[in-house]
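Structural features, examined
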Amino acid sequence: MAAPTAAEQRWLGAARDFFLRALPGPDGQEAAALEAVLRCLRSAGGGTLPLGYSFISISDLQHQQHIPCCSHLSWSTNEFKEWSRQGQGALPMQSTLPRTYLILVGYLADGRQENKEKLVDGCLYVKDKTGIILCELLHFKLEWLESLLVFPSWSYIPQRDQSAAGYLEILVDPVPVNGPKEVLHSIPVTSAVSAEPLLTSRIPYKKRSKLTVAGELTRLGPLLRIHHKTFFFLFLKCFASAVCVPVLVQKPSQMLWHRVFQLGHRYTVTGLSMSSMKKSGQTILVTSASSCLLPYCAEQEREQPLNSAWRGESTQSSCLETAEQLSCSLQLGAEEEKSGPTKESRIISYVGFVTKVLNAQAGLFLLDNQVCLCLAYQPLLSSARGLRPGACVELIDVHLLQKPLASFPFAVLGACLSSMVVLKSFSRLSTPYQPVGSSRSLCLQLLLRFNLGMPLYLWLVSLLETFEERFSCFFGRSRLLSSTHQNPGAAAKFLVPLLQAMVPDRQEARDIYNEILSKIHQCPLQKYLTLTPPCQAPSLSEVRRVAEQRSWEGFSPSQLLSPLEAQHMGTQELNRRLAWSYCTFSAESFQPQLILLGVLRVSSRSSSLQLQDKSSKLPCVISHKDGSPFAQTALIGSLLLVENYQLVVERFLKTDFPSWEHLENLEHVREKKTSVYVQFYLEDVRVLHAAEGRIQKSLRSGNCSSLRKSKDGSTASELETPEAKMLKSEDPRADDGRDENCQGGQSSSTSCVSQLFLVIQKESLMLRNYQLPAEEAKEAQELQRSFQATVLWLGRPRLWSHPREIGDLSELEETGCDGKEGVMQKEALLLFVGRSLRWFPFLHVEGLYRCIVPGCSDLEVFDKLYFPPVPSCLLCLPVQDSWHLEHETWISCLPEHQLTAMSMQTGVEQRAASIPEVLSSSFTGSLVSFCGEIVERTLCASPKNEKPPVMTGVPKKKGTPQHFTLLSTDHSVKLSISAASSSPVVLDVYITATYLQHLRGLLPGAKILFHNLERKISRFHNVYCTYIASSCVSIVSLPASHLPFPSGPAGEASSPSLVFLCNLRPQLSQARILCHLSCVLTVCLQWICSLCSCIFKEGRCTRHNPPCPSQTGVRQASARVLVEDGTGEAVVLCRNEHVAAVLGLSLLEWEAVQNCVQSRGSVCIQHGEAPGTGCLEESEDLVVCYLRSLCRSPLICRPILLDFSLDRKPSKILQPAPPQLRNFRCGEVEFVSRVGPRPSLLCLKVEEVGQDALRYLNSQRRSRTSSSC
């Protein structure tokens, strides 16, 4: 033998060092072991040593190799390239495993010697002195166990989680360093046919001798672990018949047999005894500690026959299908699917490649890009090692389910306990390993708990996938998914109620023994019903997208306007009425029903509450069913589930329609935008994950939270502990800088200072020009979004060692005991700017709050920050970004003695006025607060004599709320407010568009509490209110979900009440009278320009200076008629279509009259007793003659039913006057009576009255008159 070269000597020296460090042999035999290994390496390398390879220990492999790799000891470069090319056939876009030049030598073990307490699960390990690592083999021989082996070809797959070790894939059978072991000699055996009668005989088990059974393996059950015991079943078939014998293998040392068995091979099992299943009583063969597994060899074994034989039933088998055959089966099954709702799965066998891991924790894999493999119903103690994309797998006796879930795109192959999953080849691609979920997996827990079928399980997995993707970035995956029966996690709180509703009748527990042993196969995968998901929980970005899409589906501008109204509108009014509209959706508006999930956050940029997930944010409006405002700061950062809600889509259009005739031409829509938000009641919320896990009280516990509750109860306990109220802002970054005044007195990081205060007044959120003391050096101060609140400090600041200690209201006891002057009581103005704007949705009038300065021990921290904005004003305190506010309770919830003391000493007793009081002429206040329901919302032009707020003209900054740019600043919103939905008394509230950026929820049907509106009286003596800088609103209740859209004018949903003219009140919104039309006073028919409202004649506008380019005219008509009902008279102004109704013209007649006026431009007549100053047309004009004769016709004077409202802007302002004497003649009799001034009414509807209806209405009038008398 030639002497080794220098390179060989160096290589051999490194090999000796490796053996001494990692593979020490028996004492004194290290050299022999090394020589044996070298002999194996020379044999693999064709007689030469692999000098290009180096030895690697298990420890070095685990700690130094962080990416998948492979090593092939005897392969050439071309062989490796061909191997890699073949591996990319299934997934050509994936890269192959990179090659390393490493030699792996070690012992195969089952892990029992390394960890005595470890439950044996059939796993194999490669070990040396430095460490141990899991491994997977395609073939295994028992003689390899605890033998020194050389692994010529292997792959190392690190796990995705870097904290856990990876595993080895042994690509080629390892080479034993030592020779094979001796085989046994002749063994007496019992065939499967001969053993079958023993299973049904009545001989006591203890008296029977141990059996040795030989047969062909026809079925191999999966490894199961129940009650900390691991076992599996196998079935041996007779060589000459179809009789099968079940064998239970349960000894720890025999779990590796599961890796040895191969279908169709013949085996001999010794030392078997018989046993009976407790539940079913079925008899089986069980291995003992002395049992051995041997390959069957006819020459070495002799059959030991029995006296009797028994013919059993053959087991069900399935044919092997390829991907092409399965595709045909799926098409055939799709046709059979129409036959009935309940379907039965087919049992097939299939060979395919794993192309994608759909969900490892749920046991879902995609095979050949066309069928899903579900391993959830067959527990895999090996965690599916080897099932990486690119691996080839053989499935035997699996269930084929076609379209089990309507939203799932693939057919499913489900492996039950009678199925076999055999790994045929490992992946050659550099794809990561994702372990299959264990018993701790929430999917598998719920699968077993509810015994779910495949459709429900797939739906459960899809919900959980979306849930985890949306919220794991907020709370972490483990906190979301961890769950126990005593302490369910967020995901379990979300999913369990859904499953309980889907499976109301608890199904029987899964009988795994019957599923494995029964000759008639029974399992959860046999029958299924295609499931249409009952609900969905999409991401918030998807919710916004779907809501916006639904709001524009089938949308036409003509839907927003009544055709009878639109045809008389000018261009400006028409486009203004189209500029702002809304639509609402409930959970039932979507199919399937849509559930909202989100983390409650508050934005300091928009000063609004938001539901947030990973994809987007959704602004929200939260209210209480008892009418109290939402103020629970402890819910910030909590994961909420809302099933009952209203999803509101505000639509904003920029249009230039010339007239109503062009409404179907969408080319005139220049821009359209939307604003989406959701509103719901707090009582309809389920908290899935509390912020910091400290919300202790139930949301439905009935705590005192109303602004107007009785005052005799004690202070109610709140939802949160003080520590939980340290809310998290929407900005995840912590506040780096604390107030400088706190630094010197800071005793510890957990101490804090708090101050109790009562909110007296809260003002609007807007741009203000406050200059804080720290910014006085700046020359120019930009306007900043801010709001301010006038508060009353109660008691003195208090020092706490930790926020969780805060809880009592001892300051109120100080204040309410004797009222000494030394007790701290003073008013202050809190200024909120920057990040402190996040408190805007939580601060409400008459609320008791606590201001907390964290990490501070200076009790004078508040005094040091006061500054006077102007002389002789309240002290102003800027709220710092790091401060926190807690809502303690409402003033109405305080005990009687505290409430009385506070009212006497502070004068904070405030009372909201009623709407009739505000409308009363005796009301003297200029700022009013009241509560009412919105009956109508109208977008109108801002009054020309009113100056716009300070925000007008300010350039838009980054982060400005969306509402700021969606409405033009020259618009105002008129809200018609009623005390109740059926009340005829209405008060108008005007809000400029610039204030609407933070006012969501102002929809018809909502009940609103207004604070500090400015009460005004118009020149027509009408009372109305405007929203000013000192105003604020609170949503008391949300609109009913059944309200129609678009919301109609006030009172349209129900008929107005029937009244008498003598009983009209100035506050009346609208009503109905049964009256007699006495005469027509004036009639005016015009065609006006849609742009400038000048007369439109012969197809063009008559304005000449400057000339008007409009080519569109709009018809308008008006008439003034005199009516009386026996109690008084009134002048009624009728417009447009109501003029035709008053004149008694049909639609065709009215259209003909309008067309005649078109060529004239304008026709006006005066008739009756009205003194006229208008233009009188010549009598020769046919249209004038026709109208005048029509007005003189006795047919005009008739009884009518008139719906009306008071004309709040009459052409002539009537001054109050006493009743006057007037003469009335009835035939030849003349009467004298006192009559008051005629009120001016606006006609809303005219109905003809038949004789029957007239008699009925007169009887109603008489009954009302007698009852009032």
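Residues numbered from 1 in each chain as written. Predicted model: local features only at pLDDT ≥ 70, side-chain atom pairs only at ≥ 80, totals over all residues. Heavy atoms only, no water.

Brief notes about the state of the cysteines
Stated formally: Whenever a pair of cysteine sulfur atoms sits within 2.5 Å, that pair is classed as a disulfide. Going along the chain from the N terminus, every DSSP run of H or I of four or more residues is numbered as a helix, and every run of E of two or more is numbered as a strand. Categorising residues by exposure relies on relative accessible area from a 1.4 Å probe, with only protein chains included: less than 20% of the type maximum marks a residue as buried, more than 50% marks it as exposed, and the intermediate range marks it as partly exposed.
For the structure on display, the rule yields one disulfide. At a sulfur-sulfur separation of 2.5 Å, the disulfide partner of Cys 1084 is Cys 1164. With a gap of 80 residues between them, Cys 1084 in strand β51 (residues 1070-1089) and Cys 1164 in strand β56 (residues 1162-1166) connect regions that are remote in the sequence. Residues Cys 1084 and Cys 1164 agree in their burial class; the two are buried.

Here we look at the nonpolar core
This is how it is decided: For our purposes a nonpolar core is just a set of buried Ala, Val, Leu, Ile, Met, Phe, Trp, Tyr and Cys residues, chained together by side-chain atoms within 4.5 Å. Every residue pair with non-hydrogen atoms within 4.5 Å of one another is taken to be in contact.
Counting residues in each nonpolar core, the largest one holds 60 residues, and the members touching the most others are Leu 600, Tyr 645, Leu 647, Phe 757 and Phe 832. Examining the composition of this core, we find that four residues originate from one element, strand β40 (residues 784-800), more than from any other. Here Phe 832 is in contact with Arg 785, Ser 786, Phe 787, Ala 789, Leu 837, Trp 839, Leu 843, Val 879 and Leu 885, once residues within four sequence places are set aside. In this structure, Leu 401, Phe 467, Leu 525 and Leu 641 belong to the second largest nonpolar core, which totals 53 residues.

Regarding the sheet that holds strand β36 (residues 669-681)
Applicable threshold: Any two strands with at least two DSSP bridges between them are considered paired. In this description, a line fitted to the C-alpha atoms serves as the axis of each element, helices being fitted only across the stretch in contact, and the angle between N-to-C directions of two axes falls anywhere from 0 to 180 degrees.
One open sheet holds the eight strands; their spatial order is β29-β35-β36-β33-β32-β31-β34-β37, and the pairing between them is mixed. Edge positions in the sheet fall to β29 (580-585) and β37 (685-689), since each has one partner strand and no second. For this sheet, the mean angle separating the axes of adjacent strands, direction not counted, is 40°. Looking at chain direction, strand β31 (residues 596-603) and strand β32 (residues 608-612) are connected through five bridges and run antiparallel. In the sheet register, Arg 601 faces β32, and the bridge partner there is Gln 610. Strand contacts of helix α9 (residues 454-475): β31, β32, β34 (639-642) and β37, with the helix running at about 30° to β31, the strand carrying the most contacts. Packed on one face of the sheet, helix α13 (residues 540-552) meets β29, β31, β32, β33 (617-623), β35 (646-655) and β36 and runs near 125° to β36.

A word on the pattern of salt bridges
Note the following rule: Throughout this description, the term salt bridge denotes a Lys or Arg side-chain nitrogen within 4 Å of a carboxyl oxygen of Asp or Glu.
Using the criterion set out here, one finds 26 salt bridges in the structure. Between Glu 643 and Arg 686 there is a salt bridge, and its shortest N-O distance comes to 4.0 Å. Taken together, the residues span a long stretch of sequence, with Glu 643 in the loop between β34 and β35 and Arg 686 in strand β37 at a distance of 43 residues. Among the residues examined, Arg 686 registers a relative accessible area of 24% and is labelled partly exposed. Put simply, Asp 656 and Arg 670 hold a salt bridge, and the shortest N to O gap is 2.8 Å. Placement of Asp 656 in the loop between β35 and β36 and of Arg 670 in strand β36 is noted, with a sequence separation of 14 residues between them. Exposure remark for Asp 656: the relative accessible area of 31% places this residue in the partly exposed category.

Looking at empty space enclosed by the protein
The test is simple: The way it works is a 1 Å grid over only the protein atoms, where trapped points that fit a 1.4 Å probe form a cavity and open points with protein on both sides within 12 Å along at least five of seven lines form a pocket, and then any residue with an atom within 4 Å of a point lines it. Grid points are joined across faces, edges and corners, and a volume is the space filled by probe spheres set on the points. Each residue is assigned to one class: nonpolar for Ala, Val, Leu, Ile, Met, Phe, Trp, Tyr, Cys and Pro, charged for Asp, Glu, Lys and Arg, and polar for all the others, Gly among them.
A complete count under the given rule lists five cavities of 30 Å³ or more for this structure. There is about 380 Å³ of room inside the largest cavity. Contributing to the lining of the largest cavity are 19 residues, with Val 621, Pro 841, His 998, Arg 1000 and Ile 1035 lying nearest its centre. Looking at the lining of the largest cavity, the elements with two or more residues in it are β32, β33 and β50 (1032-1037). When grouped by side-chain class, the residues that make up the lining of the largest cavity number twelve nonpolar, five polar and two charged.

Some points on the packing of aromatic side chains
To be explicit about the condition: Pairs were defined over the aromatic rings of Phe, Tyr and Trp, the Trp ring being its six-membered one, requiring ring centres within 6.5 Å. Orientation was assigned from the angle between planes: stacked under 30 degrees, edge-to-face over 60, tilted for the rest. The criterion for a charge sitting over a ring is simple: Lys NZ or Arg CZ within 6 Å of the ring centre, and within 35 degrees of the ring normal.
Summed over all chains, the structure comprises 35 aromatic pairs. Seen in terms of ring centroids, Phe 585 and Phe 590 are 5.7 Å apart; in terms of plane orientation they differ by 50°. Their pairing is tilted. The pair Phe 585 / Phe 590 is uniform in exposure class, with both members buried. Through a chain of ring-to-ring contacts, the aromatic side chains of Phe 467, Phe 471, Phe 474, Phe 475 and Phe 494 assemble into a single cluster. A cation over a ring is seen here: Arg 266 above Phe 239, with NZ or CZ 4.2 Å from the ring centre. Between the NZ or CZ atom of Lys 762 and the centre of the ring of Phe 840, over which it lies, the distance is 3.9 Å.

Examining the packing of helix α23 (residues 1147-1160) against helix α24 (residues 1182-1192)
Here is the rule: Roughly parallel covers angles under 35 degrees, roughly antiparallel covers those over 145, roughly perpendicular covers 65 to 115, and oblique covers all other angles. Helix crossings fall into two classes, left-handed where the near helix is turned counterclockwise from the far one by less than a right angle and right-handed where it is turned clockwise.
Running from N to C, α23 and α24 point in directions that differ by 140°, and their axes come no closer than 10 Å. When the axes of α23 and α24 are compared, the pair comes out oblique. The interaxial crossing formed by α23 with α24 has left-handed handedness. Judged by residue contacts, Val 1153, Cys 1156, Val 1157 and Arg 1160 of α23 engage Val 1183, Tyr 1186 and Leu 1187 from α24.

Structural notes on the side chain of Arg 1015
Just so we agree on the cut-off: In this tally, Asp and Glu contribute negative charge and Lys and Arg positive charge; neither His nor the terminal groups of the chain are included. Any N or O atom pair separated by 3.5 Å or less is treated as a polar contact, with the protein-specific requirement of one donor-capable and one acceptor-capable atom, and with residues adjacent in sequence counted only for side-chain atom pairs.
In this fold, Arg 1015 is placed in strand β48 (residues 1007-1017). Among buried Asp, Glu, Lys and Arg side chains, Arg 1015 stands out as unpaired, with Glu 917 the closest opposite charge at 10 Å. At 2.7 Å, the side chain of Arg 1015 and the backbone oxygen of Val 918 are in polar contact. A polar contact is formed between the side chain of Arg 1015 and the backbone oxygen of Ser 920, at a distance of 2.9 Å. Apart from the residues lying within four places of it in its own chain, the contact partners of Arg 1015 are Val 918, Leu 919, Ser 920, Phe 923, Gly 925, Ser 926, Val 928, Val 1023, Tyr 1024 and Cys 1025.

Some remarks on the environment of Ser 982
The residue Ser 982 is located in the loop between β46 (971-978) and β47 (986-992) in this model. According to the relative accessible area criterion, Ser 982 is exposed, its value standing at 66%. As for Ser 982 and Pro 1056, which are separated by 74 residues in sequence, their C-alpha atoms are 8.9 Å apart.

Focus on the pairing of β51
Burial of β51 is extensive: 16 of the 20 residues sit out of reach of the surface. Sheet analysis places β51 next to strand β57 (residues 1199-1206), joined by seven bridges and oriented antiparallel. Note on β57: the bridge partner recorded for Gln 1070 is Ser 1205. Examined bridge by bridge, β51 and strand β54 (residues 1113-1124) share twelve bridges and lie antiparallel to one another. Across the sheet, residue Ile 1088 finds its bridge partner in β54, namely Val 1114.

What to know about the confidence of the model for the chain
Applied cut-off: Per-residue confidence from the predictor is reported as pLDDT, which spans 0 to 100.
In this model, the chain carries an average pLDDT of 79, and 78% of its residues clear a pLDDT of 70 or more. Under a pLDDT of 50 for its full length, residues 705-748 has, in the predicted model, 125 contacts with residues more than four places off or in other chains.

Quick look at the packing of helix α8 (residues 442-450) against α9
Packed helices, taken two at a time, are described by the angle between their axes plus the distance between the axes. Where α8 meets α9, the closest approach of the two axes is 10 Å, and the angle between their N-to-C directions is 150°. In terms of their interaxial angle, α8 and α9 are classed as roughly antiparallel. Viewed along their axes, α8 and α9 form a crossing whose handedness is right-handed. Together, Leu 442, Cys 443, Leu 444, Leu 446 and Leu 447 of α8 and Tyr 457, Leu 460, Val 461 and Leu 464 of α9 make up the contact between the two elements. Residues that form the contact of α8 with α9 fall into these classes: nine nonpolar, no polar and no charged.

Focus on the side chain of Arg 544
Within the secondary structure layout, Arg 544 lies in helix α13. Here Arg 544 is in contact with Ser 616, Lys 617, Leu 618, Pro 619 and Val 676, once residues within four sequence places are set aside.

Brief notes about the pairing of strand β55 (residues 1129-1135)
Within β55, six of the seven residues are buried, leaving the element largely enclosed by the surrounding structure. Here seven bridges tie β54 to β55, and the two strands are oriented antiparallel to one another. Looking at the pairing, Arg 1120 lines up with Leu 1133 of β55. The turn joining β54 and β55, which pair antiparallel and follow one another in sequence, is formed by four residues; a positive phi near 95° is taken by Gly 1126. In this sheet, strand β60 (residues 1240-1248) lies alongside β55 in parallel orientation, the contact comprising three bridges. Among the inter-strand pairings, Val 1132 is bridged to a residue of β60, identified as Leu 1241.

Examining the environment of Glu 1129
Tracing the sequence through the fold places Glu 1129 in strand β55. Each C-alpha atom, one on Glu 1129 and one on Arg 1238, is 5.7 Å from the other, the two residues being 109 residues apart in sequence. Within the local environment of Glu 1129, its side chain forms a polar contact with the side chain of Arg 1238, the two groups lying 3.1 Å apart.

So, unusual backbone geometry
Leave glycine aside and you will find that most residues have negative phi; peptide bonds, for their part, are mostly trans. The omega torsion across Gln 591 and Pro 592 is -5°, close enough to zero to call that bond cis. Within the secondary structure layout, Pro 592 lies in the loop between β29 and β30 (593-594). The phi angle at Asp 368 is positive, at roughly 55°, despite the residue not being glycine. With respect to the secondary-structure elements, Asp 368 resides in the loop between β22 (364-367) and β23 (371-374). Here Asp 368 falls in the partly exposed class, since its relative accessible area comes to 22%. A positive phi angle, near 65°, is found at Ser 1093, a position not held by glycine. Along the chain, Ser 1093 falls in the loop between β51 and β52 (1096-1097).

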